[in-house]
Amino acid sequence: MRDKDYSVYDRRTMAETDDFLSGRLRIGTAMQEMDLLSDVLSASRLGASQISFAHLLTPWGIAVEPMRNAAIHLVQAGECWLRLEGRAEPIHIGQGDMLLVAGGVAHQISNPPDAEVLPMQMALAHSRAGDRDASGEGETTLLCAKLSVRERVPNPLVPLLPPLVLLTRAQVEADASLRLIGELLRIEADGLNIGRDIVAPRLLDSALVFLLRAWLESQPVQVAGWFAALRDPAVARALRLIHAAPARPWSVESLASSIGQSRATFARRFAKVMGEPPLTYVARWRMNMAARALAETSDTVDQIAHRVGYESTPSFSQAFQRIAGRSPGEYRKFQGADRAHVNTTHRS
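Report on the accompanying structure. Please read all numbers here as calculations on a predicted model, not as lab measurements. (Residues numbered from 1 in each chain as written. Predicted model: local features only at pLDDT ≥ 70, side-chain atom pairs only at ≥ 80, totals over all residues. Heavy atoms only, no water.)

### Regarding the pairing of strand E7 (residues 107-111)
Most of E7 is tucked away: four of the five residues are buried. Sheet topology places strand E2 (residues 60-64) next to E7; five bridges connect them, and they run antiparallel. By the bridge assignment, valine 64 is partnered in E7 with histidine 107. (Buried < 20%, exposed > 50% of the residue type's maximum accessible area, 1.4 Å probe, protein only. Helix = DSSP H or I, 4+ residues; strand = E, 2+ residues; numbered from the N terminus. Pairing = 2+ DSSP bridges.)

This is the structure we're talking about:
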């Protein structure tokens with residue numbers, strides 16, 4: 001009897017241990033996903049981003065033209081409908097919902113869904129000039145933010161971002177970071193606070209990370225699209241190796257061997273998930289790191305070339321020209337002029 005009791009206890013303990021280890025593995029996987037996400041997002045920096053806050057009386061409509069920059073919208077009161085380019089049916093957006101629309105995606109926000117739309121700046125200016133209903137009836141309070149990314153070498157993962165990331169009010173309220181960042185964005189958008197031009201891009205940097213993190217945590221493990229790259233075990237391991245040592249002389253064979261796959265299987269899987277061959281990604285990631293160093297440090301082109309894995313500076317310069325469209329020297333001058341223009345615009 002004691003043996004039987006012990007065996008039952010042992011099986012239960014083993015099951016609990018398996019559950020615990022499985023939980024540890026899930027947590028570890030999530031942390032690794034976020035490390036890659038942080039790594040990729042840190043390769044981009046927000047420039048002169050804009051935050052607008054409006055009280056809109058029904059009927060109203062805002063048209064956002066396709067642009068390179070993404071947009072975040074937060075409905076703080078009321079409701080509206082979102083229409084995405086290429087999608088027939090409008091999407092209802094309720095109070096407290098937060099959404100991210102990827103760059104290059106034209107969209108319209110309105111109430112009612114068939115309302116006439118105006119360009120964003122015109123619609124927001126019209127809302128500030130109009131009379132508000134003291135009761136708030138028929139009114140939508142909307143926060144809109146444009147994430148203006150300073151030009152660099154195209155980020156390898158950004159094109160794989162889904163056209164729409166939508167978090168419901170329940171999801172936002174369940175995430176303390178999102179709740180707080182939403183309130184901070186509202187405060188900055190609702191007034192002309194000192195240092196706003198510095199604060200806004202940093203808030204939006206954080207908002208983007210918090211929003212994507214909350215969305216990622218809500219997705220099933222088998223999610224397709226952008227995060228398939230982070231959740232595919234082989235591809236994610238390869239990405240971590242590349243990011244950890246971009247200067248290493250990677251080949252398809254060495255990457256495949258490092259993750260325990262055959263060359264053909266790894267190359268086929270990586271290209272299917274990422275949309276490009278492994279060595280193309282390696283080259284683009286190296287140039288992204290080089291572009292960041294050119295823009296943010298005073299290191300010489302020779303030093304940067306060696307840091308990202310090139311023994312020959314002319315070879316590095318040719319690769320950079322091919323991917324970035326400018327020579328390293330021209331790129332550095334362009335970035336300096338761009339920063340000077342942004343600073344002058346902010347002061348004026």
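### Description of the side chain of histidine 107
Mapped onto the elements, histidine 107 comes out in strand E7. Owing to a relative accessible area of 3%, histidine 107 belongs among the buried residues under this scheme. Here the side chain of histidine 107 touches valine 105 through a polar contact of 3.1 Å, landing on its backbone oxygen. Setting aside anything within four residues of it in sequence, one finds histidine 107 in contact with Ile62, Ala63, Val64, Ala71, His73, Leu82, Arg83, Leu84 and Val101. (Polar contact = N/O pair within 3.5 Å; in protein donor to acceptor, adjacent residues only side chain to side chain. Contact = heavy atoms within 4.5 Å.)

### Considering the environment of phenylalanine 270
By the secondary structure assignment, phenylalanine 270 is in helix H9 (residues 263-274). In this structure, the C-alpha to C-alpha distance between phenylalanine 270 and alanine 229, residues 41 residues apart in sequence, is 8.3 Å. Non-local contacts of phenylalanine 270, meaning those with residues more than four positions away in its chain, are made with Val235, Ala238, Leu239, Gly275, Glu276, Pro277, Pro278 and Tyr281.

### Considerations on the packing of helix H10 (residues 278-296) against helix H12 (residues 313-324)
Running from N to C, H10 and H12 cross one another at 95°; their axes reach a closest spacing of 10 Å. Considering their axes alone, H10 and H12 lie roughly perpendicular with respect to each other. Across the interface between the two elements, Ala283, Arg284, Met287, Ala290, Ala291 and Leu294 of H10 pack against Phe316, Ala319, Phe320 and Ile323 of H12. In terms of residue class, the contact of H10 with H12 is made up of nine nonpolar, no polar and one charged. (Axes fitted to C-alpha atoms, helices over the stretch in contact; angles between N-to-C directions. Parallel < 35°, antiparallel > 145°, perpendicular 65-115°, else oblique. Nonpolar A, V, L, I, M, F, W, Y, C, P; charged D, E, K, R; others polar.)

### Re the sheet that holds strand E10 (residues 164-167)
Read across the sheet, five strands follow the order E1-E9-E3-E6-E10 without closing on themselves; strand pairing throughout is antiparallel. In this open sheet, the two strands that pair with only one neighbour each are strand E1 (50-57) and E10. In this sheet, adjacent strand axes meet at a mean angle of 15° when their direction is disregarded. Of the strand pairs in this sheet, strand E3 (residues 70-77) and strand E9 (residues 139-147) are connected by seven bridges, and their pairing is antiparallel. Following the sheet pairing, leucine 74 is matched in E9 by leucine 143. Of the strands in this sheet, E1, E3, strand E6 (98-101), E9 and E10 are in contact with helix H4 (residues 176-189), which crosses E1 at around 85°.

### Considering the nonpolar core
Core analysis: the largest hydrophobic core is formed by 51 residues, its most contacted members being Ile51, Leu100, Leu178, Leu239, Phe266 and Phe270. In terms of residue count, helix H5 (residues 196-218) provides more of this core than any other element does, 10 residues in total. (Core = buried A, V, L, I, M, F, W, Y, C linked by side-chain atoms within 4.5 Å.)

### What about the pairing of E6?
Burial along E6 is two-sided: the face carrying Met98 and Leu100 and the face carrying Leu99 and Val101 are both buried. Sheet analysis places E3 next to E6, joined by four bridges and oriented antiparallel. When the sheet's bridge partners are listed, histidine 73 is paired in E6 with leucine 99. Sheet topology note: the E6/E10 ladder contains four bridges and is antiparallel. The residue of E10 that forms the bridge with leucine 100 is valine 165.

### With respect to the sheet that holds E7
The strand order across the open sheet formed by five strands is E5-E4-E7-E2-E8, and the pairing between neighbours is mixed. Bordering the open sheet on either side are strand E5 (91-93) and strand E8 (118-119), each of which pairs with just one other strand.

### Brief notes about H12
Compared with the 16 Å implied by 1.5 Å per residue over 12 residues, the 16 Å span of H12 between its first and last C-alpha is a close match. Among all positions in H12, only Thr313, Phe316, Ala319, Phe320 and Ala324 are buried. Seen along its axis, H12 keeps its buried residues to an arc of 125°; they face one direction. Residues Pro314, Gln318 and Arg322 are exposed on H12 and point more than 90 degrees away from its buried face. (Expected span 1.5 Å × (residues − 1). Arc of directions from axis to C-beta.)

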